[in-house]
Amino acid sequence: MYSLNELTMISDGAKRWDKQEEQLRKNGILGSIDTQITKGVLPLVAHELLTEIATVATNRGAKPFWLKALENLDVKTTSYIGLNYAFIGVGQQTDVTNICINIGKAVCIELWSKDFETTNKPLFDRLFNMAVRNHNSPRHRLKAISAVAQREGFGLNRWNAEQQLNVGQAILNAVLHSSKLFELFELPRKNGKTQPKQLGLTELGSKLVSELTEDVRWLSPIFKPMLQKPKEWTDFSSGAYHDTKLASLVPLVRMAPHEQKQRIDMRTKSGKMDRVYASINAIQNTELAINRTVYEQVKAAWHRGDVIKKFPRMKKVKSPNKVKNWEELDTKQRKKVKKIKESIVLRNRAIDADIVNFTCDLQTAEDLLKHDKFYQPHNLDKRGRIYPIPTFNHQRADHIRAMFQFAKGKPLGKDGAYWLAISIANNGNFEKVSKKSLDARIEWVNKNQRSIYLIGKKPTLTRHIWQSADKPFSFLAACIEFAGYMEEGDEYVSYLPCSLDGTNSGVQHYCAALRDAEGGSTVNLVPHEMPADVYQIVADNVLDQIRSDTENIEIAKMWLDYGVTRSVVKRNVMTFAYSSEKYGFKQQQMEDLMKPLADDVLDGILSEHPFGEDGGHKAASYLADKVWKAVNIVVNKAAVGMKFIQRCASLCAHEAKPLTWTTPIGLPIVHAYQQWDINRVRIFLYDKEINLANASVNSKVTPDGDVYKCIMCNIRTKPKGTIDKIKQRNAAAPNFIHSLDASHLMFTVLAGVEDGIEDFLLIHDSFATHMADTQRFFYLIREQFVAMYEHFDVMQDLHDSTFEQLSPNGRNNIVEAPEKGNLNITKVLESDYAFA
């Protein structure tokens, strides 16, 4: 039991404090708001575990697997693990099966650690101290120790998925039953199929987390930024962390198939991976810092509940009052009422997830503000795309990305000032200026100098302006720099990155590979006086189709009234290059447009949904069909390239072989989607919403009347050794094109390093360095794009690689690489808008 004197108070008033304490005590929880998890709820979960362990241990018959594990660990440790992963599961909206497995994995490591420490404490202490120096995540430290211990004869025998699930289930049940913070809920059926059970916050849990504004170190992401320079990559297991043995825990390639790892090892020995290692090392060596002003504005906007595009919120949607005339409603009306209620519940669940994630992000940013610099260790995915390892990273939403700046500053100079102005125009995008010429963007900044300066100097007072920008917080960051430049001139030292983005990267790479002049023109692979806009071209085509539609007048009118803009079709056009088809287009319209509009109705921003009572389903299908027709007309050569790649994948899959190729930068790719053996496993989780009277025959009921709901979990056990032909075909084109944009990025980084550029902040097809270095980078990006496609015939190389893979009979069915068009690839060098 903990006394209040031992706990930290963050309340800013006695009345508020007393009110919170009274509410918490009524629910059996002790302590102040910020210590509920570690000192309030923790004893309750620990007591529940102790009681369950004692009960099961005395029962006759076979004992569950979890009993031995939990009998040998301190229940406070296992309680903490359960609570932490429950909160992380809510934030990441992970289903309960995977939450249980994650808890089980962590307990397995804890149990091994205890046994290791007991058996050989001197070695354990030495390795633990080494891990502390190199790792700031407790879980990662334990994993790090296990890697070295393996070589010393104290290897970690990991539990299989069913064992992890069994242990995690027991701990999660203790959390559910005792903490009163979490509850199970179900997502609506999708395509007629039941969705996995989810974990959400109770009303009390939601209130508790929304009050956690000062200290949430108990809610710790697994990977965080590093305070010392990451170790350079030299092979598959050497990078990011400084001790050679520990470094093997974070592989070069995430989830790499065994064959890919083997090929990487072979190419490493021959020096053919050197350029890959050099590029990723240059990226992760970049010294970064948190932009304090942006951080403060993000935090303030969150606590004020500012309504900003794509910015999370913590204000819940009010549940509707009970319908008084329910008996008088017909079936259709009742269904509508239930659907509204369901939408509000799901909306509030998503807000709970935002609260958990945002609180954790703010804590990480605040911790990093205490340091002059930090680093983001990076690794690759299976296609070669480079990603930061930490959860808190610049590849996320605008309010997170804008907090990142370089730790080392550079005087702007005239070139830097020019690109600062371009950055302001691009991020603000007022009057759609980012789609106009570079000169027009500079002119817009000159015309609005006073407003931009005031935003930079008085961000709180001017938030009504900058919060309406296309990328509000990035726009604010650029305005802050502009204010400094206005006061100090060319000598002003800037820490801000300037991003240069490709014009629909997927289509660009298809058009370059196939020398498609017509398609290439739509994505700025040839020079234009004004930037070409493939999204607007498609939108115009869609509008022409809608205007001439005399059969679907009602839906056509809805779209004409709402407006079909470039932003409406943008994601469809972007993903077309990655094999998205009509059904995928519809789902994207539902996610990107229809659901946010429905949320606006729930939030009171709109009085009704612009596309009718069905939430826009019919309208989304209608538009998906129109966009599909338009994009096949506008970039038809990309469709030809896509079909060729899919054909290669299908031929290999028919022979149960992966599709393999080597990217221009030298990374071997093994495209293989295995089929797996699946075990159906039952678990039982406490559900406070079910009482004894409505418990199902499959539920477990305790003598006290508590009901534990039966949940069926699908557990992958081992690969069957066969290829999933459908996934293999559908994923081939996006994976191939992503591997090309990854190569282009790496070539550009290497060229930048050779030219004296040291700092990079990159997101696949978005290239950023210092404002002062952007003019050189602007040229290098295009130069390396041209060089890659002059030196590598990527479609022919894929044809040849596939030919080598196939049997003699299979080779009879291979198709030739698509014919090339007449695009002069060197024209990219003259195009100001290819990457701008």
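In this report, the structure presented in the accompanying data block is examined. These numbers were taken from a predicted model, which means no experiment stands behind them. (Residues numbered from 1 in each chain as written. Predicted model: local features only at pLDDT ≥ 70, side-chain atom pairs only at ≥ 80, totals over all residues. Heavy atoms only, no water.)

Remarks on the environment of Leu412
- In this structure, Leu412 sits in the loop between β7 (410-411) and α15 (413-428).
- For Leu412, a relative accessible area of 3% puts it in the buried group.
- Along the primary structure Leu412 and Ala772 are separated by 360 residues, whereas in three dimensions their C-alpha atoms are 5.0 Å apart.
- Discounting chain neighbours no more than four positions away, the residues touching Leu412 are Ala417, Leu420, Tyr485, Asp490, Tyr492, Ser494, Met771 and Ala772. (Helix = DSSP H or I, 4+ residues; strand = E, 2+ residues; numbered from the N terminus. Buried < 20%, exposed > 50% of the residue type's maximum accessible area, 1.4 Å probe, protein only. Contact = heavy atoms within 4.5 Å.)

Brief notes about the sheet that holds strand β12 (residues 674-686)
- Taken together, three strands build an open sheet; the order of strands is β12-β14-β13 and the sheet is antiparallel. In the strand order of this sheet, the two ends are held by β12 and β13 (700-701), each with one partner. (Pairing = 2+ DSSP bridges.)

A few points about the packing of α15 against helix α19 (residues 472-488)
- Interhelical geometry of α15 versus α19 gives an angle of 150° and a closest axis separation of 9 Å. Taken together, the axis directions place α15 and α19 in an arrangement best described as roughly antiparallel. For the crossing formed where α15 meets α19, the hand is left-handed. Residue-level contacts link Ala417, Leu420, Ser423, Ile424, Asn427 and Gly428 of α15 to Ser474, Phe475, Ala478, Cys479, Glu481, Phe482 and Tyr485 of α19.
- For the contact of α15 with α19, the residue count by class is eight nonpolar, four polar and one charged. (Axes fitted to C-alpha atoms, helices over the stretch in contact; angles between N-to-C directions. Parallel < 35°, antiparallel > 145°, perpendicular 65-115°, else oblique. Left-handed = near helix turned anticlockwise from the far one by under 90°. Nonpolar A, V, L, I, M, F, W, Y, C, P; charged D, E, K, R; others polar.)

Quick look at the environment of Gln449
- Tracing the sequence through the fold places Gln449 in helix α17 (residues 449-457).
- Residue Gln449 is classed as partly exposed on the basis of its relative accessible area, which comes to 26%.
- Along the backbone, Gln449 and Cys479 are 30 residues apart, and their C-alpha atoms lie at a distance of 9.6 Å.
- The contacts of Gln449, once residues within four sequence positions are left out, are Phe482 and Met486.

Overview of helix α13 (residues 331-368)
- If you check α13, its first and last C-alpha atoms are 55 Å apart, about what 38 residues at 1.5 Å a residue would give, namely 56 Å.
- Structurally, the start of α13 carries an N-cap: the backbone nitrogen of Lys332 is 3.2 Å from a side-chain oxygen of Asp330. (Expected span 1.5 Å × (residues − 1). Polar contact = N/O pair within 3.5 Å; in protein donor to acceptor, adjacent residues only side chain to side chain.)

Considerations on the packing of helix α9 (residues 203-210) against α13
- With their axes 10 Å apart at the nearest point, α9 and α13 run at an angle of 30° to one another. As judged from the angle between their axes, α9 and α13 are roughly parallel. Crossing of α9 over α13 shows left-handed handedness. Together, Ser206, Val209 and Ser210 of α9 and Asp352, Ile355, Val356 and Thr359 of α13 make up the contact between the two elements.
- Residues that form the contact of α9 with α13 fall into these classes: three nonpolar, three polar and one charged.

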